[in-house]
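Letter by letter, the chains look like this.
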Amino acid sequence: MAPTRLPLLLLLAATVAAAADLSVYHNVHPPSASPLESIIALARDDDARLLFLSSKAASTGTASAPVASGQTPPSYVVRAGLGSPAQPMLLALDTSADATWAHCSPCGTCPASSLFVPANSSSYAPLPCSSSMCPILQGQPCPDRDPFDSAAPLPSCAFSKPFADASFQAALASDWLHLGKDSIPNYAFGCVGSVSGPTSDLPKQGLLGLGRGPMALLSQVGNMYNGVFSYCLPSYKSYYFSGSLRLGAAGQPRSARYTPMLKNPHRSSLYYVNVTGLSVGRSPVKVPAGSFAFDPSTGAGTVVDSGTVITRWTAPVYAALREEFRRHVAAPSGYTSLGAFDTCFNTDEVAAGGAPAVTIHMDGGVDLALPMENTLIHSSATPLACLAMAEAPQNVNSVVNVVANLQQQNLRVVFDVANSRVGFARESCN
Ligand SMILES: *[C@@H]1O[C@H](CO)[C@@H](O)[C@H](O)[C@H]1NC(C)=O
Ligand SMILES: *[C@@H]1O[C@H](CO)[C@@H](O)[C@H](O)[C@H]1NC(C)=O
């Protein structure tokens, strides 16, 4: 037996991968004391984000940019570090974006919060146009050489990117990225040098791209995190609590149920899943045939996103869900609208505890019964509760359903890209 031991140990040592657990915080302080009013305020940017998620890449081929306009700031941030020595940064967590970026000093037009100072980092390096990531960000190939001086080194890679109502200009650079106890060398990110337009909707310090493209975290770290990460988002009711972002296979929940991850070549950053139906209580929601079908050519299907606040269903799906939900609640005085919500009822008349839970059914036998706080949202000021989902905005190419972060609170969502599956497990993450 003894001779087999050594190779086994070596094998174990060689395959040990890193793991990190980072705290996830709410991005903004509560704009209002009531969770309902806070969410309505936060969800104001959802329409722009839906537009971003449902827009298809304009062109095909390698130059099709996985970065698109209309993006809005995700609602959660993680603590990270950039550079040597590490400069602490709060980065917005975004599963639908690939590129990581940070506001860099000097920048007179960036948000006033503290900037990353490349000059203070001994390992900071701007990347040249010949870097493989430059065409992805620029949306066009780089010249082979300087047309006027073939011996000259290629210029460094500069790009601009629209974000919310603003756009920024950045340099592609690399430096150490520090996540929990892990440090990743030569991490490619955008160093933002100027912003045009309002900065109020930009992440304050930067963004961590957790999408599926070549610039995203899992792609840049190789096997380090086994191609898997998960998060547990803290409840909107507890602004001052944190959840977690767990990188790597270690510590992922054994109880998670998995559904296949689908890939849309036109929106290759996004995590699509195959929703097969919805239930209200025990009643299946009767949607028109084909309502949930995945269609890569139109972008239709269902995306799991960390940055949208309220789950949106396409018009026929939402109409059927609302009808079934109202039938169960049977509020004597009917329903009112509040912000994005159109199914609010008086909890003096109908005990909110009697409201039915919504279950999202997915391929692979996943029946995700949403916790009650993810189905129904209460006003603390008035006896009012609302169905916490909505119809996709009419003005966008609304073929995409989005399972948003309000519906992911206190669940662990596992993005197992290596095995092409998305998992869900109940967890209290506050
Ligand atoms: C950068 O270095 C300067 C000069 O040493 C120092 O005053 C400043 O605090 C440093 N900034 C950061 C973010 O490390
Ligand atoms: C989605 O799930 C249904 C039911 O299992 C299946 O028939 C269909 O082929 C799946 N679609 C995709 C794109 O995997």
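S.K.: Just checking my understanding: could you explain unusual backbone geometry for this structure?
M.R.: Most peptide bonds adopt trans geometry, and most residues besides glycine take a negative phi value. For the peptide bond that leads from S84 to P85, omega is -10°, which places it in the cis range. Within the secondary structure layout, P85 lies in the loop between β2 (76-82) and β3 (87-94). Residues S105 and P106 are joined by a peptide bond in cis, for which omega reads 0°. Locating P106 in the fold gives a position in the loop between β4 (101-103) and β5 (125-126). Even without a glycine there, the phi angle at A330 is positive, about 50°.

S.K.: Is there a simple way to explain the nonpolar core in this structure?
M.R.: Looking at soluble globular proteins, one finds that nonpolar side chains tend to be buried together. Counting residues in each nonpolar core, the largest one holds 82 residues, and the members touching the most others are L179, L245, W313 and F341. Not counting the four nearest positions on each side in its chain, L245 is found in contact with A20, D21, L22, V24, V78, L93, L208, L210, F229, S230 and Y231. Grouped together as the second largest cluster of nonpolar side chains are 24 residues, A99, C107, L137 and L207 included.

S.K.: Explanation requested: the site of ligand 1 in the structure shown.
M.R.: Inspection of the region around ligand 1 gives Q87, V117 and N120 as its neighbouring residues. Within the side chain of N120, an N or O atom sits 2.3 Å from an oxygen atom of ligand 1. Protein contacts shield 28% of the accessible area of ligand 1, which totals 360 Å² for the unbound molecule.

S.K.: Can you help me understand the packing of aromatic side chains in this one?
M.R.: Both the distance between ring centres and the angle between the ring planes are used here to describe each pair of aromatic rings. Counted under the stated rule, the structure contains eleven aromatic pairs. Plain terms: the ring middles of Y231 and F415 are 5.3 Å apart, the flat faces sit at 50° to each other, and that makes the pair tilted. Linking Y231 in strand β10 (residues 228-232) with F415 in strand β26 (residues 411-416), this pair joins segments that are 184 residues apart in sequence. In terms of burial, Y231 and F415 fall into one category: buried. When the centroid spacing of 5.3 Å and the interplanar angle of 70° are considered together, the rings of Y272 and F294 count as edge-to-face. A residue pair is termed long-range when its members are at least 10 positions apart, and Y272 in strand β13 (residues 272-273) and F294 in the loop between β15 (283-284) and β16 (301-304) qualify at 22 residues. On the basis of relative accessibility, which here comes to 0%, the residue Y272 falls in the buried class. Members of the aromatic cluster, connected to one another through ring pairs, are F229, Y231, Y271 and F415. Positioned above the aromatic ring of Y258 is the side chain of R421, whose terminal nitrogen or guanidinium carbon lies 3.6 Å from the ring centre.

S.K.: How should helix α2 (residues 35-42) be read in this particular structure?
M.R.: Of the positions making up α2, those classed as buried are L36, S38, I39 and L42. Each buried residue of α2 sits inside an arc of 160° when the element is viewed along its axis, so together they form one side.

S.K.: Just checking my understanding: could you explain the pattern of salt bridges for this structure?
M.R.: Enumeration over the complete set of coordinates arrives at six salt bridges. Taking the shortest distance from any N to any O, the salt bridge between K286 and E324 comes out at 3.9 Å. Placement of K286 in the loop between β15 and β16 and of E324 in helix α6 (residues 315-329) is noted, with a sequence separation of 38 residues between them. Owing to a relative accessible area of 67%, K286 belongs among the exposed residues under this scheme. Looking at E324, the relative accessible area reads 6%, which means it is buried. Across the pair R322 and D342 runs a salt bridge whose closest N-O atoms are separated by 2.4 Å. Taken together, the positions of R322 in helix α6 and D342 in strand β19 (residues 341-346) put the pair 20 residues apart, joining distant regions of the chain. Via salt bridges that share partners, K286, E324 and R327 belong to a single interconnected network.

S.K.: Sorry if this is basic, but what is going on with the state of the cysteines here?
M.R.: Disulfides are covalent bonds that connect the sulfur atoms of two cysteines. For the coordinates displayed, the defined rule picks out five disulfides. Put simply, C107 and C110 are joined by a disulfide, and their sulfur atoms are 2.1 Å apart. Taking the torsion about the S-S bond as the criterion, the C107 to C110 disulfide, at about 90°, is right-handed. A residue is classified by how much of its surface remains accessible, and C107, at 12% relative accessible area, is buried. Taking the relative accessible area as the measure of exposure, C110 reaches 9% and is therefore buried. Note on cysteine connectivity: C232 is disulfide-linked to C429, with sulfurs 2.3 Å apart.

S.K.: Help me out: how do you make sense of the site of ligand 2 in this one?
M.R.: As a matter of local geometry, ligand 2 sits amid L262, N274, T276, F294 and D363. A distance of 2.4 Å is found between an oxygen atom of ligand 2 and a side-chain nitrogen or oxygen belonging to N274. The separation between an oxygen atom of ligand 2 and a polar side-chain atom of D363 is 2.8 Å. For ligand 2, the accessible surface in isolation is 360 Å², of which the surrounding protein chains cover 41%. Classifying every residue of the shell around ligand 2 gives two nonpolar, two polar and one charged.

S.K.: How do you make sense of the sheet that holds strand β18 (residues 336-338) when you look at a structure like this?
M.R.: Sheets are built from strands that pair by backbone hydrogen bonding, the pairs being arranged parallel or antiparallel. The strand order β18-β19-β23-β22 describes an open sheet built from four strands, whose pairing is antiparallel. At either margin of the open sheet sits one strand with a lone partner, and together these are β18 and β22 (376-378). In this sheet, adjacent strand axes meet at a mean angle of 40° when their direction is disregarded. Bridge analysis of β18 against β19 gives two bridges, and the strand direction is antiparallel. If you follow T336 over to β19, its bridge partner there is C344. Here α2 sits on the sheet in contact with β18, β19, β22 and β23 (384-387), set at roughly 115° to β22. Those strands touched by α6 are β19, β22 and β23, and its axis lies near 5° from that of β19.

Conventions adopted
Residues numbered from 1 in each chain as written. Chains lettered and ligands numbered in written order. Predicted model: local features only at pLDDT ≥ 70, side-chain atom pairs only at ≥ 80, totals over all residues. Heavy atoms only, no water. Helix = DSSP H or I, 4+ residues; strand = E, 2+ residues; numbered from the N terminus. Core = buried A, V, L, I, M, F, W, Y, C linked by side-chain atoms within 4.5 Å. Buried < 20%, exposed > 50% of the residue type's maximum accessible area, 1.4 Å probe, protein only. Contact = heavy atoms within 4.5 Å. Near = heavy atom within 4 Å. Polar contact = N/O pair within 3.5 Å; in protein donor to acceptor, adjacent residues only side chain to side chain. Areas by Shrake-Rupley, 256 points an atom, 1.4 Å probe, with all protein chains shown as cover. Phe/Tyr/Trp six-rings, centres within 6.5 Å; stacked < 30°, edge-to-face > 60°. Lys NZ or Arg CZ within 6 Å of the ring centre and 35° of its normal. Arc of directions from axis to C-beta. Salt bridge = Lys/Arg side-chain N within 4 Å of Asp/Glu carboxyl O. Disulfide = S-S within 2.5 Å. Nonpolar A, V, L, I, M, F, W, Y, C, P; charged D, E, K, R; others polar. Pairing = 2+ DSSP bridges. Axes fitted to C-alpha atoms, helices over the stretch in contact; angles between N-to-C directions.

The values reported here are purely geometric and, on their own, carry no functional implication.
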